[in-house]
Amino acid sequence: RSNKISQRSSRMRMFAYLSQPIVEVRIIGLVFVSCFLQAINTLDDAPPIVHRGINAIDDVFVYIFAVEFFLRWWSAGRFQFRYLAKPLASVDAVV
């Protein structure tokens, strides 16, 4: 029983952390940077090293976004599909 309480407590702490405005702003900032880099990546005149660098940074961003999504899903209710029915969670899952 104490293990279950400990898991609930850690989930609640994680959910509270991810819901802080500064965390939200940082994630939104990463989304904007990612969009900007993808726009630059469409330029044909950019050197190949720029494209490779942007692709590498994009891979890191995808990892960060995936971890953040799964942490939110877990902390909102241990991977219950009901969480995915929320509009913002649906957008996160698709994007």
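About the thresholds
Residues numbered from 1 in each chain as written. Predicted model: local features only at pLDDT ≥ 70, side-chain atom pairs only at ≥ 80, totals over all residues. Heavy atoms only, no water. Helix = DSSP H or I, 4+ residues; strand = E, 2+ residues; numbered from the N terminus. Expected span 1.5 Å × (residues − 1). Buried < 20%, exposed > 50% of the residue type's maximum accessible area, 1.4 Å probe, protein only. Arc of directions from axis to C-beta. Phe/Tyr/Trp six-rings, centres within 6.5 Å; stacked < 30°, edge-to-face > 60°. Axes fitted to C-alpha atoms, helices over the stretch in contact; angles between N-to-C directions. Parallel < 35°, antiparallel > 145°, perpendicular 65-115°, else oblique. Left-handed = near helix turned anticlockwise from the far one by under 90°. Contact = heavy atoms within 4.5 Å. Polar contact = N/O pair within 3.5 Å; in protein donor to acceptor, adjacent residues only side chain to side chain. Salt bridge = Lys/Arg side-chain N within 4 Å of Asp/Glu carboxyl O.

Colleague: Summarise helix α2 (residues 21–41); cite the residues concerned and give the values.
Modeller: End to end, α2 covers 30 Å across 21 residues, agreeing with the expected 30 Å (1.5 Å per residue, within 8%). Looking at α2, one finds that the buried residues are V23, I27, S34, L37 and N41. Buried residues of α2 fall within an arc of 85° about the axis and therefore sit on the same side. When the buried face of α2 is taken as reference, the exposed residues oriented beyond 90 degrees from it are P21, V25, F32 and F36.

Colleague: Tell me what's going on with the packing of aromatic side chains, and back it up with residues and numbers.
Modeller: Per the stated rule, a full pass over the model turns up four aromatic pairs. Ring centres of F69 and W73 lie 6.0 Å apart, and the angle between their planes is 45°; this geometry places the pair in the tilted category. Of this pair, F69 and W73 both sit in helix α3 (residues 48–77), separated by four residues, roughly a single helical turn. In this structure, F69 and W73 share a single accessibility class: buried. Among the aromatic residues, ring-to-ring pairing joins F69, F70 and W73 into one connected group.

Colleague: Describe the packing of α2 against α3, naming the residues involved and giving the relevant values.
Modeller: As a packed pair, α2 and α3 sit with axes 10 Å apart at the nearest point and diverge in direction by 150°. Viewed along their axes, α2 and α3 adopt a mutual orientation that is roughly antiparallel. The hand of the α2/α3 crossing is left-handed. Contact with α2, carried on its side by E24, I27, L30, V31, V33, S34, L37, Q38, I40 and N41, involves H51, I54, N55, I57, D58, F61, I64, F65, E68 and R72 of α3 and no other residues of that element.

Colleague: Residues and numbers for the side chain of N41, please.
Modeller: Positionally, N41 belongs in helix α2. The exposure class assigned to N41 is buried, which follows from its relative accessible area of 17%. Reaching out from N41, the side chain makes a polar contact with the side chain of N55 at a distance of 3.1 Å. If near-sequence neighbours (up to four positions away) are discounted, N41 is found in contact with H51, I54 and N55.

Colleague: With reference to specific residues and values, describe the pattern of salt bridges.
Modeller: Applying the stated criterion to the full structure yields two salt bridges. A salt bridge links E24 to R72, with the shortest nitrogen-to-oxygen separation between them at 3.0 Å. On the criterion of sequence distance, the pair formed by E24 in helix α2 and R72 in helix α3 is long-range, its members being 48 residues apart. Classification of E24 as partly exposed rests on a relative accessible area of 30%. Owing to a relative accessible area of 9%, R72 belongs among the buried residues under this scheme. Between E68 and R72 there is a salt bridge, and its shortest N-O distance comes to 2.3 Å. Here E68 and its partner R72 are both found in helix α3, four residues apart, which amounts to about one turn of the helix.

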